Amino acid sequence: MATNPYGQNMNLGMGQPNPYLQQQGNAIAQNVTQNLQNNILPGINSGAMAAGGYGGSRQGIAQGLAMQGANRDIANAQANLYGQAYTADQANNTSMNIAGMNNDTSRYSTDV
């Protein structure tokens, strides 16, 4: 059975994407970005000002590392979210296949 990374089961006749999964992925990115902008970067800037190096290369390096960390955190959290959705889809597919086989077996036994 085919699935996509957004938790949409393609072969069970449902065909509807999980409307909450993409929103959860977007919320992860928004929360991490907001923390970066509201807490981390201002802290780096004030530290640079206090050290007399505002606008210097050390500040730029620190900001770049902070952004890199934020991107890594977003990617890891979203990979986990979508991976769990994929796993759940696979489990649902297996359950549906087993139920279908049991139904077919039951009908066959009744027909014979």
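The rules behind these values
- Residues numbered from 1 in each chain as written.
- Predicted model: local features only at pLDDT ≥ 70, side-chain atom pairs only at ≥ 80, totals over all residues.
- Heavy atoms only, no water.
- Helix = DSSP H or I, 4+ residues; strand = E, 2+ residues; numbered from the N terminus.
- Buried < 20%, exposed > 50% of the residue type's maximum accessible area, 1.4 Å probe, protein only.
- Contact = heavy atoms within 4.5 Å.
- Areas by Shrake-Rupley, 256 points an atom, 1.4 Å probe, with all protein chains shown as cover.
- Core = buried A, V, L, I, M, F, W, Y, C linked by side-chain atoms within 4.5 Å.
- Expected span 1.5 Å × (residues − 1).
- Bend = angle between axes of the 7 residues up to and from the residue.
- Polar contact = N/O pair within 3.5 Å; in protein donor to acceptor, adjacent residues only side chain to side chain.

Before we go on, may I ask you to explain the overall build of the protein in this structure?
A count of helical and extended segments in the protein gives two helices and zero strands. A total of 112 residues make up the protein; the buried ones form 21% of that total. A separation of at least 24 residues holds for 58% of the contacts in the protein among residues at least 6 apart in sequence. When the accessible area of the protein is evaluated, it comes to approximately 7700 Å², of which 54% is carbon and sulfur surface.

Would you mind showing me how to read the side chain of Q63 here?
With respect to the element layout, Q63 can be found in helix 2 (residues 57-111). The contact partners of Q63, leaving out residues within four places of it in the chain, are L41, I44 and N45.

Help me understand the nonpolar core, please; the structure alone is not making it clear to me.
If you look at soluble globular proteins, the nonpolar side chains tend to sit buried side by side. Grouped together as the largest cluster of nonpolar side chains are five residues: L36, L41, I44, A66 and A70. The set of elements that each furnish at least two residues to this core consists of helix 1 (19-50) and helix 2. Top element by residues in this core is helix 1. It accounts for three residues. Contacts of L41, omitting those with residues within four sequence positions, involve L36, Q63 and A66.

Please explain helix 1 as it appears in this structure.
Turn by turn, an α-helix covers 3.6 residues, leaving residues three or four places apart pointing in a common direction. For helix 1, with 32 residues, the first-to-last C-alpha span of 46 Å sits near the 46 Å given by 1.5 Å per residue. The sharpest bend along helix 1 measures roughly 40° and falls at L36. By the burial criterion, the buried members of helix 1 are L21, G25, L36, L41, I44 and A48. Looking one or two residues past helix 1, G52 carries a phi angle of roughly 75°, positive in sign.

Whenever I open this one, the environment of N26 confuses me. Can you help?
Considering the arrangement of structural elements, one finds N26 in helix 1. By relative accessible area, N26 is classed as partly exposed at 43%.

For this particular structure, what's the right way to read the side chain of Q59?
Tracing the backbone shows Q59 in helix 2. Residue classification places Q59 among the buried residues on the basis of a relative accessible area of 8%. Of note is the side chain of Q59, whose polar atom sits 2.3 Å from the backbone nitrogen of G55. Once residues within four sequence positions are removed from consideration, Q59 is found in contact with I44, N45, A48, G53 and Y54.

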